[in-house]
Amino acid sequence: MSLWHLFNLNDGKTVFKWTHYLPIYERHFERFVNRPLSILEIGCLHGGSLQMWKRYFGPLVNIVAIDIDPNAKAHEEDQISVRIGDQSDEKFLFNVVEEFGQFDIIVDDGSHLPEHQIKSFKVLYPNIKDSGVYVVEDLHTNYWPEYSGGLKKDTTFIELSKNLIDELNAYHTRGVVDVTEFTNSTFSMSFYDSMIFFEKGRLPRRHDLIIGKDAAGNRLWQEKQSVPYKNTK
Ligand SMILES: C[S@@+](CC[C@H](N)C(=O)[O-])C[C@H]1O[C@@H](n2cnc3c(N)ncnc32)[C@H](O)[C@@H]1O
């Protein structure tokens, strides 16, 4: 069943999502369905999204949620663990990673404050497994003053992400932008209305090839450019 159907037909605990998120989630998450995986969601509220992930991903998913509200502990059930703490508390986040290990998927649906989104991302993004996905949702708050946001305000997660586009492309900037662990470990960034997805993936080298038959019918295998991997660890 699609995530949209699971959401729309939900008669369990309430789940809060903008409707356009569902097909977008499905686009990035479908490959994880019915596989062993671990997911961390920041922000439980009524626990509905945790149950939705459980129904969507199936019997092999291990869901961990964190929330600042101690009442969220009540949302623990089979396949769902909840830890109480602040998403801007680095030590708390490190403890969660130490307890549960690295995650395949992290969804930040917590305070929606840019400062918190950035702090969580800095600690948790390196703790996403290779080819895992990190998503921050409700990024419209980054434009709102009541969330310390504002258009092109350099302390927002949106602005951080715009700069990360350059870091993703650092190999091609002729030394202007340093190649970082983010460059090396990130395969893609996808921007949507109010959401950003980061997909992990490590390219052994950037390789620009010409392959095929030339006008005389000879098969070509020609290397136009090759950018070797720079170790950043
Ligand atoms: C938008 S709700 C989560 C909705 C839920 N994921 C869903 O889809 O139904 C936000 C949650 O984040 C929690 N929260 C707010 N500030 C937080 C913080 N600094 N650290 C962790 N959780 C926080 C709130 O208690 C609330 O439960």
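The present account deals with the structure reproduced in this document.

Cut-offs used in this document
Residues numbered from 1 in each chain as written. Predicted model: local features only at pLDDT ≥ 70, side-chain atom pairs only at ≥ 80, totals over all residues. Helix = DSSP H or I, 4+ residues; strand = E, 2+ residues; numbered from the N terminus. Buried ≥ 20, exposed ≤ 12 C-beta atoms within 10 Å, placed from the backbone. Contact = placed C-beta atoms within 7 Å. Near = placed C-beta within 6 Å. Nonpolar A, V, L, I, M, F, W, Y, C, P; charged D, E, K, R; others polar. Pairing = 2+ DSSP bridges. Axes fitted to C-alpha atoms, helices over the stretch in contact; angles between N-to-C directions. Parallel < 35°, antiparallel > 145°, perpendicular 65-115°, else oblique. Left-handed = near helix turned anticlockwise from the far one by under 90°. Arc of directions from axis to C-beta. Right-handed = clockwise from strand over helix to strand, strands pointing away.

The subject of this paragraph is the overall build of the protein. The number of helices and strands found in the protein is seven helices and nine strands. Looking at the protein residue by residue over its 233 residues, the buried ones come to 30%. Of all intrachain contacts in the protein linking residues separated by at least 6 positions in sequence, the fraction that spans at least 24 positions is 57%.

Looking at the secondary structure, you find Leu-160 in helix H6 (residues 157-168). C-alpha of Leu-160 to C-alpha of Ile-118: the two residues are 42 residues apart in sequence and 8.0 Å apart in space.

Among the 21 residues in the neighbourhood of the ligand, the closest are listed as Gly-43, Leu-45, Ser-49, Gln-87 and Ser-111. Every element with two or more residues in the shell around the ligand is listed here: strand S1 (37-42), helix H3 (48-57) and strand S2 (61-67). When grouped by side-chain class, the residues that make up the shell around the ligand number seven nonpolar, eight polar and six charged.

So, about unusual backbone geometry. Positive phi outside glycine occurs at Asn-34, with the angle close to 65 degrees. Topologically, Asn-34 is positioned in the loop between helix H2 (21-29) and S1. Judged by the 11 C-beta atoms lying within 10 Å of it, Asn-34 is exposed. One non-glycine residue, Arg-174, lies in the positive phi region at around 55 degrees. Note that Arg-174 resides in the loop between H6 and helix H7 (181-185).

This brings us to the pairing of strand S6 (residues 186-192). Two elements, S6 and strand S7 (residues 195-200), share six bridges in a ladder whose sense is antiparallel. Note that in S7 the partner of Ser-190 across the bridge is Phe-197. Connecting S6 to the next strand, S7, in antiparallel fashion are two residues, including Ser-194 with a positive phi near 75 degrees.

Relative to each other, helix H4 (residues 90-100) and helix H5 (residues 114-124) sit at 40 degrees, their axes nearing to 10 Å. With respect to each other, H4 and H5 are oriented oblique. Of the two possible hands of crossing, H4 and H5 adopt the one that is right-handed. In this structure, H4 contributes Glu-90, Leu-93 and Phe-94 to the contact, and H5 contributes Lys-119, Ser-120, Val-123 and Leu-124.

The seven strands are arranged S3-S2-S1-S4-S5-S7-S6 in an open sheet whose pairing can be described as mixed. Strands at the two margins of the open sheet, each flanked by one partner only, are strand S3 (80-84) and S6. Mean inter-strand twist for the sheet, computed between neighbouring axes without regard to direction, equals 15 degrees. Strand contacts of H3: S1, S2 and S3, with the helix running at about 165 degrees to S2, the strand carrying the most contacts.

With that settled, the discussion passes to the environment of Asp-67. Here Asp-67 shows up in strand S2. The buried category is assigned to Asp-67, around which 22 C-beta atoms lie within 10 Å. The spacing of Asp-67 and Val-176 is 109 residues in sequence and 40 Å in space, taken between C-alpha atoms. Among residues more than four places away in sequence, those in contact with Asp-67 are Gly-43, Cys-44, Ala-72, Val-82 and Ile-84.

On to H5, then. For H5, the set of buried residues is Pro-114, His-116, Gln-117, Ser-120, Phe-121 and Leu-124. Projection of H5 onto a plane perpendicular to its axis shows the buried side chains occupying an angular sector of 160 degrees, all on one side. Buried positions along H5 lie against S1, H4, strand S4 (103-108), strand S5 (128-136) and H6.

Taking burial as the measure, the six residues of S1 include five buried ones, the bulk of the element. A crossover links S1 with its parallel partner S2, the connecting element being H3, and its sense is right-handed.

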